[in-house]
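Reading the structure
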Amino acid sequence: MELLERYGIRPEVAWLGTLVAGVLTIATAAVVFTERVYYGFLWRYFWGPVEADSQGVDCLVYQRTSGDVVPGATAAEGCARVEGVFVAEPGYTVVSTISYILVLVFMLGGVYLLLDRFDLSPYDRFFYALVPFMLFGGALRVVEDSFVAARAAGETPAIEFPASAALISPFIYFTVFFVALSSFLVAKYLAHAEITETFYYPLAGLGVGWLVGTFGYLLYLSRTNDWITLHPSILVIVVGIATASAALVYLGVDRFDPATNAGTGLMGLVVVWGHAVDGIANVLANDWTQLWGLGEYGAKHPFNQAIMDVTSAIQGGPEIGGIYVGTAWPFFFVKLLVPVLILAVFDEEFFEESPRFAVMLLGAIVAVGLGPGTRDMIRVAFGI
């Protein structure tokens, strides 16, 4: 920051210049070194997984000798990683996860510079107003899952790839961000024009509207098609267990270590709840969908899969003492513990010195748990 001030460069200009330079550098490298940079990195870890997800296939294979991209089911190598091919599978990898974290940190810097131009107080109400958008993001991701289910049923989805990529990670985060930003600007205009007394009520209302509209579309599909069916008990189970467990954890922390909750207040409860939804939705999706006859759902994230693999190795399978417990259950407790450890950082001093930055970080922390968790919960609830 001191270097920028020395040369009279505004932080916004520096951030935007870095973004443009980075995009141009990557794009140029992808054109000049197409096979190594584009297919070997960008396609393999980012675009290929999105395309494979949209097609509902186990993997896509880029055959370097012919330059063809084919589904793994039609490739001689299958999904095996062998010499002469690049394989892209749906979901995340260690490489893509680290890359997304770096991009997230950079983009948060830009968001902070943008929000610094607005009055966001009271900050806690701004935080609460953003929660519906996180739920909306998860529901919107399920809409793309419905496109895959429609294609598998022999029907034409409402949106075809590559347009549907806007609803698949990581691009859906940008989609939801622009929807939330547009809603925020509308809400601020309403408050500035004195049409409403505050901006956070219309902001929250717009978020709820987006969520209801998206979930309503999925309900419409379930009423008009036999390849998608709502199982409301799944929604009740996930939300019920997540709410009860988050409340117990929050109250327990408040009882034995009140300093952890002092800075965030009830915002901390939302953080724990958001990740509890992710935790229980993962456990249910990976281990218990057979109760509803919904088939199998696999872990999309390497960290989730690693926990399941370690648990299976320790237990010797999905049973303990002959009783089926699954292998994903430790993930639920991890998703309760980690938010508490994070909240310990957000003490009262942190909020007093940087309330805008603190709320922005809390929002991001909730989003990376509640968004995917909502997607898993709603996807399983509709059986797609």
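Basis of the calculations
- Counting from 1, residues in each chain are numbered in the order their sequence is written.
- Owing to the predicted nature of the model, reporting of local features is limited to residues with pLDDT of at least 70; listing and counting of side-chain atom pairs is limited to 80 or more, with chain, interface and lining totals taken over all residues.
- With hydrogens and water stripped out, all remaining heavy atoms of the structure feed into the side-chain values.
- Strands here mean DSSP runs of E at least two residues long; helices mean DSSP runs of H or I at least four residues long; both are numbered from the N terminus.
- Partly exposed residues are those whose accessible area sits between 20% and 50% of the maximum for their type, while under 20% is buried and over 50% is exposed, using a 1.4 Å probe and protein chains only.
- What makes two residues a contact is simply this: any of their non-hydrogen atoms within 4.5 Å.
- A patch consists of residues exposed above 30% relative accessible area that lack any salt bridge, with like charges linked at up to 9 Å and nonpolar side chains (Val, Leu, Ile, Met, Phe, Trp, Tyr) linked at up to 5 Å.
- Residue exposure ignores everything except the shown protein chains as possible cover, and the areas themselves are Shrake-Rupley values with a 1.4 Å probe.
- Here, a salt bridge means any side-chain nitrogen of Lys or Arg that lies within 4 Å of a carboxyl oxygen of Asp or Glu.
- As used here, the term nonpolar core means buried Ala, Val, Leu, Ile, Met, Phe, Trp, Tyr and Cys residues forming a set that is joined through side-chain atoms within 4.5 Å.
- Two strands are counted as paired when DSSP detects at least two bridges linking them.
- Known as pLDDT, the predictor's per-residue confidence is scaled from 0 to 100.
- Those domain boundaries reflect an automatic or database domain assignment.
- Buried area adds together the accessible area that both of two parts lose upon being put together, with accessible area traced by a 1.4 Å probe.
- Every axis corresponds to a line fitted to the C-alpha atoms, with the helix fit spanning only the stretch in contact, and the corresponding angles, defined between N-to-C directions, vary from 0 to 180 degrees.
- What counts as a disulfide here is a pair of cysteine sulfur atoms lying within 2.5 Å.

**Some points on the environment of Gln 63**
For Gln 63, the position within the fold is in strand β1 (residues 60–63). Using a relative accessible area of 17% as the deciding quantity, one classes Gln 63 as buried. Between the C-alpha atoms of Gln 63 and Glu 83, which are 20 residues apart in sequence, the distance is 9.5 Å. Those residues within four positions of Gln 63 in sequence are excluded, and the remaining contacts are Asp 68, Val 70, Ala 75, Glu 77, Gly 84 and Val 85.

**As for a nonpolar patch on the surface**
Residues Val 103, Tyr 173, Phe 174 and Phe 178 make up a contiguous nonpolar surface patch of about 370 Å² in total accessible area. Of all the elements, helix α6 (residues 171–192) adds the most residues to the nonpolar patch, at three residues. Relative to the helices and strands, Phe 174 resides in helix α6. For Phe 174, a relative accessible area of 33% puts it in the partly exposed group.

**Digging into the pattern of salt bridges**
When the charged atoms of two side chains with opposite charge come close together, those side chains can pair. Considering all chains together, one arrives at 10 salt bridges under this definition. For Glu 12, the salt bridge goes to Arg 10, with nearest N and O atoms at 3.9 Å. Through salt bridges with shared partners, a single network forms among Asp 53, Arg 141, Glu 144, Asp 145 and Arg 375.

**Side note on the nonpolar core**
Counting 77 residues, the largest nonpolar core has Phe 126, Phe 127, Phe 184, Leu 203, Val 238, Leu 362 and Ile 378 as the members making the most contacts within it. Counting residues per element, this core draws most heavily on helix α5 (residues 123–152), which supplies 15 residues. Apart from the residues lying within four places of it in its own chain, the contact partners of Phe 126 are Leu 115, Leu 120, Phe 184, Phe 199, Leu 203 and Val 359. Trp 43, Leu 60, Tyr 62 and Ala 88 belong to the second-largest nonpolar core, a separate cluster that totals seven residues.

**A look at the pairing of strand β2 (residues 68–71)**
In this structure, β1 lies alongside β2, joined through four bridges in antiparallel fashion. Residue Tyr 62 lies in a different strand from β2, and its bridge partner there is Val 69.

**A short note on the confidence of the model for the protein**
In low-pLDDT segments, the atomic positions of the prediction should not be examined closely. Taken as a whole, the protein shows an average pLDDT of 91; of its residues, 97% reach a score of 70 or greater. Confidence, expressed as mean pLDDT per element, reaches its minimum in the protein at helix α1 (residues 2–6) with 58 and its maximum at helix α7 (residues 200–224) with 97.

**Observations regarding the domain arrangement of the protein**
For the protein, the assigned domains are domain 1 (1–88) and domain 2 (121–382). Centre-to-centre separation of domain 1 and domain 2, based on C-alpha positions: 27 Å. Taken together, the seven residues of domain 1 in the interface contact 13 residues of domain 2. Each partner contributes to the roughly 770 Å² buried at the junction of domain 1 and domain 2, and carbon and sulfur atoms together form 69% of this total. Among the residues of domain 1 in contact with domain 2, Val 50, Asp 53 and Ser 54 are the three that bury the most area, contributing 63% of the side total. Between domain 1 and domain 2 we count one salt bridge in total.

**A closer look at the sheet that holds strand β3 (residues 85–88)**
By definition, the strands of a sheet pair up through backbone hydrogen bonds, in either a parallel or an antiparallel sense. Reading across the sheet, the three strands line up as β2-β1-β3 and stay open at both edges, with antiparallel pairing between neighbours. Each end of this open sheet is capped by a strand with a single partner; those strands are β2 and β3. Sheet twist, expressed as the average angle between the axes of neighbouring strands with direction ignored, equals 25°. Together, β1, β2 and β3 form the strand contacts of helix α3 (residues 34–55), whose direction differs from that of β3 by roughly 40°.

**Describing the state of the cysteines**
According to the stated counting rule, one finds one disulfide in the structure shown. Note on cysteine connectivity: Cys 59 is disulfide-linked to Cys 79, with sulfurs 2.1 Å apart. Residues Cys 59 and Cys 79 are joined by a disulfide whose S-S torsion is about -100°; by sign, that bridge is left-handed. A residue pair is termed long-range when its members are at least 10 positions apart, and Cys 59 in the loop between α3 and β1 and Cys 79 in the loop between β2 and β3 qualify at 20 residues. Taking the relative accessible area as the measure of exposure, Cys 59 reaches 1% and is therefore buried.

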